[in-house]
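Architecture and fold: a report
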Amino acid sequence: MRDAYHEELDSIGEGLVEMARLVGSAIGRATTAILDADLKLAESVIAADEKVDDLQRDLEARAIALLARQQPVATDLRIVVTSLRMSADLERSGDLAQHVAKLARLRFPDTAVPRDIHATILEMGQLAQRLMAKAAEVIITKDVDLALQLEQDDDAMDLLHRTLFQHLMDDRWKHGIETAVDVTLLGRYYERFADHAVSVANRVVYLVTGEHADEVAPPTPVESA
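Fair warning: this is a prediction, and the values are worked out from it, not measured in the lab.

Right, let's talk about the pattern of salt bridges for a bit. One pass over the structure, following the stated rule, counts 14 salt bridges. The salt bridge involving D89 is made with R203; its shortest N-O contact spans 2.7 Å. In this pair, D89 is assigned in helix 3 (residues 74–107) and R203 in helix 6 (residues 176–209), connecting sequence segments 114 residues apart. Under the relative-accessibility criterion, D89 is labelled buried at 6%. In this structure, R172 engages D170 in a salt bridge whose closest nitrogen and oxygen atoms are separated by 2.9 Å. Linked through salt bridges whose partners overlap, the residues forming this network are E8, D58 and R62.

In this section: the environment of E137. Topologically, E137 is positioned in helix 4 (residues 118–141). Counting along the chain gives 41 residues from E137 to L96, while the straight-line C-alpha distance between them is 21 Å.

Within the secondary structure, I121 sits in helix 4. I121 gets classed as buried once you look at its relative accessible area, which sits at 0%. For the pair formed by I121 and V198, sequence separation is 77 residues and the distance between their alpha carbons is 20 Å. Ignoring sequence-local partners within four residues, the contact set of I121 consists of T31, L35, V113, L164, L186 and Y190.

On the surface, E151, D155, E211, D214 and E215 cluster together to form a negatively charged patch. Within the secondary structure, D214 is located in the segment after helix 6.

Moving on, we get to helix 6. Over its 34 residues, helix 6 runs 50 Å from end to end, which matches the ideal 50 Å to within 8%, given 1.5 Å per residue. Of the residues one or two after helix 6, G210 is the one with positive phi, at around 80°.

What follows is about the packing of aromatic side chains. Per the counting criterion, the structure on display carries zero aromatic pairs. Across the ring face of Y206, the terminal group of R78 is positioned such that the distance to the ring centre comes to 5.9 Å.

Moving on, we get to the layout of surface pockets. If you add up the space inside the largest pocket, you get close to 190 Å³. If you trace the largest pocket, you find 13 residues lining it, with L9, D10, G13, I79 and K142 closest to the centre. Of all elements in the fold, only helix 1 (2–36) and helix 3 reach the threshold of two or more residues within the lining of the largest pocket. At seven residues, helix 1 tops the list of elements feeding residues into the lining of the largest pocket. Split into classes, the residues belonging to the lining of the largest pocket amount to seven nonpolar, three polar and three charged.

This part covers unusual backbone geometry. With omega at 10°, the peptide bond leading from F108 into P109 counts as cis. Tracing the backbone shows P109 in the loop between helix 3 and helix 4. In this structure, A37 is a non-glycine residue whose phi angle is positive, near 50°. With respect to the helices and strands, A37 occurs in the loop between helix 1 and helix 2 (39–70).

We now examine the packing of helix 2 against helix 3. Running from amino to carboxyl end, helix 2 crosses helix 3 at an angle of 165°, the nearest separation of the two axes being 9 Å. Accordingly, the angle class assigned to the pair helix 2 and helix 3 is roughly antiparallel. Like other packed secondary-structure pairs, helix 2 and helix 3 cross with a definite hand, here left-handed. Taken together, the residues of the contact of helix 2 with helix 3 break down into 17 nonpolar, five polar and eight charged.

It is worth spelling out a nonpolar patch on the surface at this point. Together, I177, V181 and L185 give the surface a local cluster of nonpolar side chains, amounting to about 290 Å² of exposed area. Locating L185 in the fold gives a position in helix 6. Owing to a relative accessible area of 35%, L185 belongs among the partly exposed residues under this scheme.

Quick notes on the rules
- Residues numbered from 1 in each chain as written.
- Predicted model: local features only at pLDDT ≥ 70, side-chain atom pairs only at ≥ 80, totals over all residues.
- Heavy atoms only, no water.
- Salt bridge = Lys/Arg side-chain N within 4 Å of Asp/Glu carboxyl O.
- Helix = DSSP H or I, 4+ residues; strand = E, 2+ residues; numbered from the N terminus.
- Buried < 20%, exposed > 50% of the residue type's maximum accessible area, 1.4 Å probe, protein only.
- Contact = heavy atoms within 4.5 Å.
- Patch = residues over 30% accessible without salt bridge, like charges linked within 9 Å, V, L, I, M, F, W, Y side chains within 5 Å.
- Areas by Shrake-Rupley, 256 points an atom, 1.4 Å probe, with all protein chains shown as cover.
- Lys, Arg positive; Asp, Glu negative; His and termini not counted.
- Charge placed at Lys NZ, Arg CZ, Asp CG, Glu CD.
- Expected span 1.5 Å × (residues − 1).
- Phe/Tyr/Trp six-rings, centres within 6.5 Å; stacked < 30°, edge-to-face > 60°.
- Lys NZ or Arg CZ within 6 Å of the ring centre and 35° of its normal.
- 1 Å grid on protein atoms, 1.4 Å probe; cavity = no way out; pocket = protein on both sides within 12 Å on 5 of 7 lines; lining within 4 Å.
- Points joined across faces, edges and corners; volume = space filled by probe spheres on them.
- Nonpolar A, V, L, I, M, F, W, Y, C, P; charged D, E, K, R; others polar.
- Axes fitted to C-alpha atoms, helices over the stretch in contact; angles between N-to-C directions.
- Parallel < 35°, antiparallel > 145°, perpendicular 65-115°, else oblique.
- Left-handed = near helix turned anticlockwise from the far one by under 90°.

Below, the structure is given as structure tokens:
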């Protein structure tokens, strides 16, 4: 009975990893769709979000069933409750990737992204994908030091977000109000996606240590000899 219980806990963790990998792929493909005005790719990202939603609903149902049947305490209770919260973060990340793809579809056959900020949006998309890949690794390894690094990695996304606003506020902006709104939304989608990746990692910190991430000392850099 206990073996089956722990197998179910492990299965919930595997479901979280699959969700993280799916939404990481989605944000990468959505970025390509919006930069290349690729309608077919945008539609595939939009359609694929249903699988993320299904996984989230399934994981939630299994976690609630475990709570009802097993009435877990201590570490096991933390695993179940934290898994529910992580699944919500990951589901929302999938929605944000879908928002990027929907904007690509809305502006097709044109692109929502002016040529002079392509590089910034591309970098934001790539960074978002890397952050989510690292969050998936943290779920698998339960590596607290790696989890805490995501907070520092997210600083790069914040910097890119500020760079985007500098473009929008520049007197030389010539792309009009509609495009400015599109770019503002895009920046927000990527910034929030990164925040959810950090949130997933922080929840793993709590799962492992019983403390919130801001209460745990950050990893000390290794000094070279």
